[in-house]
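Take a look at the letters that make up each chain.
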Amino acid sequence: MSRSPVRVATLTLSDTRSLDDDEGGKLLGDLLQRAGFAVVSHAVLREEPKLLQEAIAKIASAGSADAIVTTGGTGIAPRDRTIEALAPLFDKTLDGFGEAFRRLSWDAIGPNAILSRAAAGVVRGLVVIALPGSPKAVELAVAQLIGPVLGHAVALASGKGGHHHHRDGDKEKRG
């Protein structure tokens, strides 16, 4: 029995892009598909926290995606508010994602990597990942982090797979 691909909704956060000229969003979708994921929807949103929160809630309620990947709005400019919009929604944060992204970025771009606020967490059973808008950042994240880990992360976050520990006294059963 083959497992169906992880369904991913993508969102570009930008005050200047539209669906017609959203190169970063197109790249993200292409890379995710090449990595074996099913991109089920894409939208471009203005960098308004309420719009992002509403989009996340709508996707979660629809049950049409297992994960959401955003691009844009993770820097430190005044309009970069993706993390502020996502933080109150996270049921769990995946701190290791941002740490790993910045570590890998350091190798590629040096100290400017510390200016990235790339982040991930779980919202209502969905894995939500916030990437910078830079095409190089998107390529790095999909190739080195999302591609290798997203399937397992989705299984764990949804409760459909992963590690289950059973205690029998002090001994753990493995099966």
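Residues numbered from 1 in each chain as written. Predicted model: local features only at pLDDT ≥ 70, side-chain atom pairs only at ≥ 80, totals over all residues. Heavy atoms only, no water.

**With respect to the overall build of the protein chain**
Here's step 1: Across its full length, the protein chain holds five helices and eight strands.
Here's step 2: Secondary structure elements of the protein chain occur, N-terminal to C-terminal, as β-α-β-α-β-α-β-α-β-β-α-β-β.
Here's step 3: Relative to the globule expectation of 16 Å for 175 residues, the C-alpha radius of gyration of the protein chain, 17 Å, shows essentially globular dimensions.
Here's step 4: With the C-alpha coordinates aligned to their principal axes, the bounding extent of the protein chain is approximately 60 × 40 × 30 Å.
Here's step 5: Looking at the protein chain as a whole, 42% of its 175 residues qualify as buried.
Here's step 6: Taking all contacts inside the protein chain whose residues are at least 6 apart in sequence as the whole, residues at least 24 apart take part in 75%.
Here's step 7: In the form shown here, the protein chain has an accessible surface area of approximately 9900 Å², with 54% of it arising from carbon and sulfur atoms.
Here's step 8: Each charge sign in the protein chain was given a centre, from 21 positive and 20 negative side chains, and these centres are 5 Å apart. (Helix = DSSP H or I, 4+ residues; strand = E, 2+ residues; numbered from the N terminus. Rg over C-alpha atoms; globule rule 2.2 N^0.38 Å. Buried < 20%, exposed > 50% of the residue type's maximum accessible area, 1.4 Å probe, protein only. Contact = heavy atoms within 4.5 Å. Areas by Shrake-Rupley, 256 points an atom, 1.4 Å probe, with all protein chains shown as cover. Lys, Arg positive; Asp, Glu negative; His and termini not counted. Charge placed at Lys NZ, Arg CZ, Asp CG, Glu CD.)

**Notes on helix H4 (residues 95-109)**
Here's step 1: In a regular helix each residue adds 1.5 Å, so 15 residues correspond to 21 Å; H4 covers 21 Å between its end C-alpha atoms and thus fits that length.
Here's step 2: When we look at burial in H4, the residues that qualify are Phe-97, Gly-98, Phe-101 and Ser-105. Considered in projection along H4, the buried side chains sweep an arc of 90 degrees and stay on one side of the axis. Exposed side of H4, more than 90 degrees from the buried face: Glu-99 and Asp-107 are the residues found there.
Here's step 3: Of the surrounding elements, those touching the buried residues of H4 are strand S5 (119-123), strand S6 (126-131) and helix H5 (135-158). (Expected span 1.5 Å × (residues − 1). Arc of directions from axis to C-beta.)

**Examining the environment of Ala-137**
Here's step 1: Tracing the backbone through its elements, the reader meets Ala-137 in helix H5.
Here's step 2: Non-local contacts of Ala-137, meaning those with residues more than four positions away in its chain, are made with Phe-101 and Pro-132.

**Description of unusual backbone geometry**
Here's step 1: Although it is not a glycine, Arg-124 sits at a positive phi angle of roughly 50 degrees.
Here's step 2: Among the secondary structure elements, Arg-124 is positioned in the loop between S5 and S6.
Here's step 3: For Arg-124, a relative accessible area of 51% translates into the label exposed.

**Thoughts on the nonpolar core**
Here's step 1: One finds Phe-97, Ile-129, Leu-131, Ile-146 and Leu-150 to be the most contacted residues of the largest nonpolar core, which totals 26 residues.
Here's step 2: Only helix H1 (23-34), strand S3 (67-71), H4, S6 and H5 provide two or more residues apiece to this core.
Here's step 3: Here this core takes ten residues from H5, the largest share from any one element.
Here's step 4: Leave out the neighbours within four places in its chain, and Leu-131 touches Leu-28, Val-69, Thr-70, Thr-71, Gly-72, Thr-74, Phe-97, Val-138, Ala-141 and Ile-146. (Core = buried A, V, L, I, M, F, W, Y, C linked by side-chain atoms within 4.5 Å.)

**Considerations on the side chain of Asp-22**
Here's step 1: Note on placement: Asp-22 falls in the loop between strand S1 (7-13) and H1.
Here's step 2: For Asp-22, the side chain forms a polar contact with the side chain of Thr-12, separated by 2.8 Å.
Here's step 3: At 2.8 Å, the side chain of Asp-22 and the backbone nitrogen of Gly-25 are in polar contact. (Polar contact = N/O pair within 3.5 Å; in protein donor to acceptor, adjacent residues only side chain to side chain.)

**Observations regarding the pairing of S3**
Here's step 1: Burial of S3 is extensive: five of the five residues sit out of reach of the surface.
Here's step 2: The alternating pattern of S3 places Ala-67, Val-69 and Thr-71 and Ile-68 and Thr-70 on opposite faces, both of which are buried.
Here's step 3: Strand direction decides the pairing type here: S3 and S6, joined by five bridges, are parallel. Directly across from Ala-67, in S6, lies its bridge partner Val-127. (Pairing = 2+ DSSP bridges.)

**A short note on the sheet that holds strand S2 (residues 38-45)**
Here's step 1: Taking strand neighbours across the sheet as the criterion, the six strands line up as S2-S1-S3-S6-S5-S4 in an open arrangement whose pairing is mixed. The open sheet terminates on both sides in strands that have one partner only, identified here as S2 and strand S4 (92-93).
Here's step 2: Alignment of S1 against S3, held across five bridges, turns out to be parallel. Bridge assignment links Thr-12 to a residue of S3, and that residue is Thr-71.
Here's step 3: Of the strands in this sheet, S1, S2, S3, S5 and S6 are in contact with helix H2 (residues 49-62), which crosses S1 at around 170 degrees.
Here's step 4: Taken strand by strand, H5 contacts S1, S3, S5 and S6, and its axis lies near 165 degrees from that of S6. (Axes fitted to C-alpha atoms, helices over the stretch in contact; angles between N-to-C directions.)

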